[in-house]
Amino acid sequence: MRADDHRFGLAAEAYVFGYPLVSNVRLIGLFAAEGIGLLAPAGFNAFAHVRDLPGPRSAFVGINAGVLHSLAQVDLAPGPLVLSVPDSGDRYSLLLFVDAWRNNFAYAGRRTGAGRGGSYVLVPPGWTEPTPPDLIRLEAPTRLLTVIGRFGLDDPADARPVHRLQDELRLRSLDPDARRAEGPPEHSKSVCDDLRFWEELRIWLRACPPPPAEADYARRFAPLGIFDDPSPYVDPDPALTWSLRGGLRAGRDGLERVAQAGRALSNGWSSTPHALDFNLDRLGPGTRDESAWRMTDRDQARLARAMAARQPIGATHGYESIEATCLVDVEGRRLTGAHRYVLDLAPPPPAAEWSVTMYDAPDYYLVDNPLHRYSLGSRTRDLRRGPDGSVRVLIQSDPPSDEAEQANWLPAATGDFRPTLRIHSPGEDVLDGTYAPPPIRRVH
């Protein structure tokens, strides 16, 4: 046993604690400077828009075929920003606010009554100066954050109106003379790559401190040097280096084991409506500060936050939207394009809006098909419904022989596939488990 083994264990814990901050701030910088996929770089404090319709060649896996996205990477160091939001009418809309620690701290959209538009003022932490009374004040927990806009898209012909809404989504400085945003402070170039995580944690922990309860917890990691100044990682002590390298690997491997634990199943569908309940301290407008949506065990919450940070940004609390994925039919057999299936939504989910999207497996890309149809849902034109409002979704790789049935055909992959049911603004029957997605039945 080495004399510094206690720091090895501390480093494993510190990795789980700090991973959401480090991974997210890295992502913020990447989005701002280089963009990702079809999303062009827009720098800080400006929106970048995905204009192209979602399809099989979209850069992102698991992409929602029913929305177009707009993203802004925000730096409030120069001062407050004014956010102008358009009136989206009856169209699905959502603005999601995510702080540097990957906490969803506010929502605005149709569910919250903010779909009719308005103007907000985003203020940095600790800002005590007054703001214009005609603006809705929104206090950010960290100076760095991401704003994600989503607008519902019915079909390709609907793209132009959505583009107009995207163009009306704007950010500007409250003070016209405010200095230019610079983004995250850079780490020392003298730190070797395998200690880069710790250097970034040291710097960004100072730039975006956690709430008091988490700051108290973080002090136990002081022996690792994350509060030191100047950096202890430029010319590090060999024993500390050993602990940091090994602890990082142990923490990362631990997260991987948790990720393989799986999800709870209901009729073959898996979902995690409470995966984001780790935000215990920074709940702003549009969130539900209720015991049913809080992980009271902070150790559990820290682990859940780290797990969420491993996924693409943009997940929401279950009360905003729920995603359920299915891999098997009612008999537990793998879904595959060699067979035909039906999904009887009788009744459809009690919600403001729902959709079923088809992805291939295991890659999770939208499935190419001659109709360019990637999802069906409550807003699908010409969708056939039964007298009681029920919907039968036909899931198969080849077109139905009856042309009249093609309106409810969700084209499947020729190989393995996994449909995803999205329920926006779900009703209480969905949230309390009274309503569960029906199983998928194989018919041929």
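Everything quoted here is computed from the prediction, not taken from an experiment.

### Describing the overall build of the protein
Assigned secondary structure in the protein consists of seven helices and 19 strands. Computed over its C-alpha atoms, the radius of gyration of the protein comes to 23 Å, within 12% of the 22 Å expected for a compact globule of 444 residues. Along the three orthogonal principal directions, the C-alpha set of the protein runs to about 70 × 60 × 40 Å. For the protein, with 444 residues in total, the buried portion stands at 52%. Pairs at least 24 apart in sequence give 75% of the contacts found in the protein among residues at least 6 apart. Counting every atom, the protein has about 19,900 Å² of accessible surface; 49% of that belongs to carbon and sulfur. Treating the 50 positive side-chain charges of the protein as one cloud and the 58 negative ones as another, the clouds have centres 1 Å apart.

### A few points about the pattern of salt bridges
All chains considered together, the criterion is met by 32 salt bridges. Here Arg-302 and Asp-299 are joined by a salt bridge, their closest N and O atoms 2.8 Å apart. On the criterion of helical spacing, the pair formed by Arg-302 and Asp-299 is a turn pair, its members being three residues apart in helix H6 (residues 298-309). Each of Glu-214, Asp-281, Arg-298, Asp-299 and Arg-302 takes part in salt bridges that share partners, so that together they form one network.

### A word on the domain arrangement of the protein
One frequent convention defines the size of an interface as the accessible area lost when the parts assemble. Domain annotation of the protein identifies domain 1 (1-266 + 278-314) and domain 2 (320-443). Taking only C-alpha atoms, the centre of domain 1 and the centre of domain 2 are 31 Å apart. When domain 1 packs against domain 2, the two sides together hide about 2,100 Å² of surface, and 48% of this comes from carbon and sulfur. Three residues stand out in domain 1 for area buried against domain 2, namely Pro-56, Tyr-92 and Asp-154, and they jointly supply 25% of the buried area on that side. On inspection of domain 1 and its partner domain 2, the count reaches three salt bridges. Inspection of the region where domain 1 meets domain 2 yields five residue pairs in polar contact (both at pLDDT 80 or more). Partitioning the side of domain 1 that touches domain 2 into residue classes produces 11 nonpolar, five polar and eight charged.

### Brief notes about the environment of Trp-293
Note on placement: Trp-293 falls in the loop between strand S11 (269-271) and H6. On the basis of relative accessibility, which here comes to 6%, the residue Trp-293 falls in the buried class. Sequence separation between Trp-293 and Pro-80 is 213 residues, and the spatial gap between their C-alpha atoms is 30 Å. In this structure Trp-293 touches Pro-273, His-274, Asp-277, Arg-288, Gly-318, Tyr-319 and Leu-431, once residues within four positions along its chain are discounted.

### With respect to the nonpolar core
Note on soluble globular proteins: their nonpolar side chains tend to be buried together. The biggest cluster of nonpolar side chains holds 42 residues, and the ones touching the most others in it are Leu-343, Val-393, Ile-395, Phe-417 and Ile-440. Among the secondary structure elements, those contributing two or more residues to this core are strand S2 (67-75), strand S4 (93-99), strand S12 (321-326), strand S13 (341-345), strand S14 (351-357), strand S16 (391-396), strand S18 (420-426) and helix H7 (428-431). When residues of this core are assigned to domains, at least three map to each of domain 1 (1-266 + 278-314) and domain 2 (320-443). Residue contacts for Val-393: discarding those within four places in its chain leaves Tyr-341, Val-342, Leu-343, Leu-345, Leu-376, Asn-408 and Leu-410. In this structure, Leu-21, Phe-221, Tyr-233 and Leu-255 belong to the second largest nonpolar core, which totals 36 residues.

### Brief notes about the side chain of Asp-329
Along the chain, Asp-329 falls in the loop between S12 and S13. Look at Asp-329 and you get buried, because its relative accessible area is 3%. There is a polar contact of 2.8 Å between the side chain of Asp-329 and the backbone nitrogen of Glu-331. Not counting residues within four places of it along the chain, the set of residues in contact with Asp-329 comprises Leu-335, Tyr-341, Ile-440 and Arg-442.

### Points about the UniProt feature "domain: DUF1214" (unreviewed entry) in the protein
The UniProt record annotates "domain: DUF1214" (unreviewed entry) at residues 322-427. Annotation note: span residues 322-427, helix share 0%, strand share 34%, distance between end C-alpha atoms 11 Å.

### Some details on the environment of His-424
Its location among the elements puts His-424 in strand S18. Put simply, His-424 and Tyr-319 are 105 residues apart on the chain and 8.2 Å apart in space, counted from C-alpha to C-alpha.

### Observations regarding unusual backbone geometry
That bond from Ala-346 to Pro-347 is cis: its omega, 5°, falls within 30 degrees of zero. Here the amide bond leading from Ala-361 into Pro-362 is cis, since omega sits at 10°, within 30 degrees of zero. Structurally, Pro-362 can be placed in the loop between S14 and strand S15 (375-377). Located in the positive-phi region is Asp-382, a residue other than glycine, with phi close to 70°. By the secondary structure assignment, Asp-382 is in the loop between S15 and S16.

### Digging into the pairing of S16
Across the six residues of S16, five count as buried, placing the element largely inside the fold. Pairing between S16 and strand S17 (residues 409-411): three bridges, direction parallel. Paired with Ile-395 across the two strands is Leu-410, which belongs to S17.

### Side note on the pairing of strand S6 (residues 118-123)
Examined bridge by bridge, strand S3 (residues 81-85) and S6 share five bridges and lie antiparallel to one another. Bridge pairing in S6 links Leu-83 to Tyr-120. Both S6 and strand S7 (residues 136-139) contribute to a ladder of four bridges, which runs parallel. Among the inter-strand pairings, Tyr-120 is bridged to a residue of S7, identified as Ile-136.

Rules and cut-offs
- What you see as residue numbers is a count from 1 along each chain, following the sequence as written.
- With the structure being a predicted model, the display of local features is reserved for residues of pLDDT at least 70 and the display and counting of side-chain atom pairs for 80 or more, all residues being used for whole-chain, interface and lining totals.
- Think of the side-chain values as coming from all heavy atoms in the structure, minus any hydrogens and water.
- Secondary structure follows DSSP: runs of H or I at least 4 residues long count as helices, runs of E at least 2 residues long count as strands, and numbering of each begins at the N terminus.
- Radius of gyration here uses only the C-alpha atoms, and the compact-globule reference equals 2.2 Å multiplied by the residue count raised to the power 0.38.
- Accessibility here uses a 1.4 Å probe with only protein chains present; expressed as a share of the type maximum, an area under 20% marks a residue as buried, one over 50% as exposed, and anything in between as partly exposed.
- Any two residues whose heavy atoms approach within 4.5 Å at even a single point are treated as in contact.
- Methods summary: accessible areas were calculated by the Shrake-Rupley approach with a probe of 1.4 Å, and residue burial reflects only the protein chains presented.
- Working convention for charge: Lys and Arg count positive, Asp and Glu count negative, and His plus the chain ends are omitted.
- Think of each charge as sitting on NZ of Lys, CZ of Arg, CG of Asp or CD of Glu.
- By definition, a salt bridge exists where a carboxyl oxygen of Asp or Glu is found within 4 Å of a side-chain nitrogen of Lys or Arg.
- Segmentation of the chain into domains, including their bounds, is taken from an automatic or database domain assignment.
- Put simply, buried area is the surface a 1.4 Å probe can reach on two separate parts but cannot reach once they are joined, added for both.
- For this analysis, a polar contact is any N or O atom pair within 3.5 Å, provided that within protein one partner can donate a hydrogen and the other can accept it, and provided that sequence-adjacent residues contribute only side-chain to side-chain pairs.
- Residue polarity is assigned by list, with Asp, Glu, Lys and Arg as charged and Ala, Val, Leu, Ile, Met, Phe, Trp, Tyr, Cys and Pro as nonpolar; anything else, Gly included, falls into the polar class.
- What we call a nonpolar core is a set of buried Ala, Val, Leu, Ile, Met, Phe, Trp, Tyr and Cys residues that are connected through their side-chain atoms within 4.5 Å.
- UniProt positions are given in the numbering used here, feature names are shortened, and annotations may be inferred rather than shown by experiment.
- For two strands to count as paired, DSSP must find a minimum of two bridges between them.

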